[in-house]
Amino acid sequence: MQYVKGVWGCEFAEFNDEISEIAYSIDNTTKTRALFEINKGANIPENEIDVNSAIPHEARRIQFVNMIYTADGPSDIPAFSVVNKNGGATFAVYPKGNSEAMAQVERMRKAGRVQMYAEADYTEGSTAYMWIMQYLHQQADAIVEEHKAQYSKFGKGTPKHLA
C-alpha cells in the first residue's frame, strides 16, 4: 500500500464505526469510466481534468499499455476489452477450489477476453503473483527502452577532431 497513491472501488456508508450499507458500487459501465479517468488523470482532483476532456493519447497520465486489469467475472468484460484493445494486460481470478468459477474464467480466456487467470491468491510464489510481477517487469523494461530510444536520437553530441 505504501506504493499506491489511490484506490478505486466501492464506497461504504458507516454508522457508529461499522459499515451499514454500500453507498456507491461500481458496475460494468462505471468500471470502464474509471479506466478512462485513470488513463487521463481525471481521478486526481488537482488536475482539474474531466473524463470527457480531449487529451492526445501520448499525453495521457497512465497509458493503457501500462495497465494490468485484474478482476473476477462477467461484469468486468467491458473493462477487460478496453484494456486488451489498448495493449494492456488482463488477468482473471477465481476463488480457491471453485471449479465452476475456474471454468468461467477459462471460457473468458478462450474467448480472448483475458490473457491469463489463476486462483485469487497473490502471495509470493503463487501463479497470480508471478504472472503479475512478470508483466510489471516487462512493462517497466518497455518504459526504460522507450526512454533510451528517445535519447538515442540525439547522438553523441559535440563534433570531434578528425585525424
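Whatever comes next refers back to the structure up there.
Residue positions are given per chain, counted from 1 along the sequence in the order it is written. Local features in this predicted model are restricted to residues of pLDDT 70 or higher, and side-chain atom pairs are both shown and tallied only at a pLDDT of 80 or more, whereas totals for entire chains, interfaces and linings draw on every residue. Processing note: side-chain calculations cover all non-hydrogen atoms of the structure and skip hydrogens and water entirely.

When a carboxyl oxygen of Asp or Glu is within 4 Å of a side-chain nitrogen of Lys or Arg, the pair counts as a salt bridge. On inspection of all chains with the given rule, the structure shows five salt bridges. D76 is the salt-bridge partner of K31, the closest N and O atoms lying 2.8 Å from each other. Residue K31 is found in helix α1 (residues 28–40), and its partner D76 is found in the loop between β3 (68–71) and α2 (77–85); the two are separated by 45 residues along the sequence. Here K148 and E145 are joined by a salt bridge, their closest N and O atoms 3.7 Å apart. Remark: E145 and K148 occur in helix α4 (residues 127–152); sequence separation between them is three residues, near one turn of the helix. Starting at the N terminus, helices and strands are each numbered in turn, a helix being any DSSP run of H or I of at least four residues and a strand any DSSP run of E of at least two.

Attention shifts here to the packing of α1 against α2. Where α1 meets α2, the closest approach of the two axes is 7 Å, and the angle between their N-to-C directions is 30°. Judged on the interaxial angle alone, α2 and α1 are roughly parallel. Only P78, A79, V82 and V83 of α2 make contact with α1, whose side of the interface consists of N28, K31, T32, L35 and F36. Each residue gets one label: Ala, Val, Leu, Ile, Met, Phe, Trp, Tyr, Cys and Pro are nonpolar, Asp, Glu, Lys and Arg are charged, and the others, such as Gly, are polar. Taken together, the residues of the contact of α1 with α2 break down into six nonpolar, two polar and one charged. Angles run from 0 to 180 degrees between N-to-C directions of axes, and those axes are lines fitted to C-alpha atoms, restricted for helices to the stretch in contact. Orientation is classified from the angle alone, with under 35 degrees giving roughly parallel, over 145 giving roughly antiparallel, 65 to 115 giving roughly perpendicular, and any other angle giving oblique. Throughout, a contact is declared for two residues whenever any of their heavy atoms are within 4.5 Å.

Quick look at unusual backbone geometry now. Excluding glycine, residues mostly carry a negative phi; peptide bonds, for their part, are mostly trans. Of note, the phi angle at D17 is positive, near 60°, even though the residue is not glycine. With respect to the element layout, D17 can be found in the loop between β1 (11–15) and β2 (18–24). Not every positive phi belongs to a glycine, and E48 is a case in point at roughly 50°. Mapped onto the fold, E48 is located in the loop between α1 and β3.

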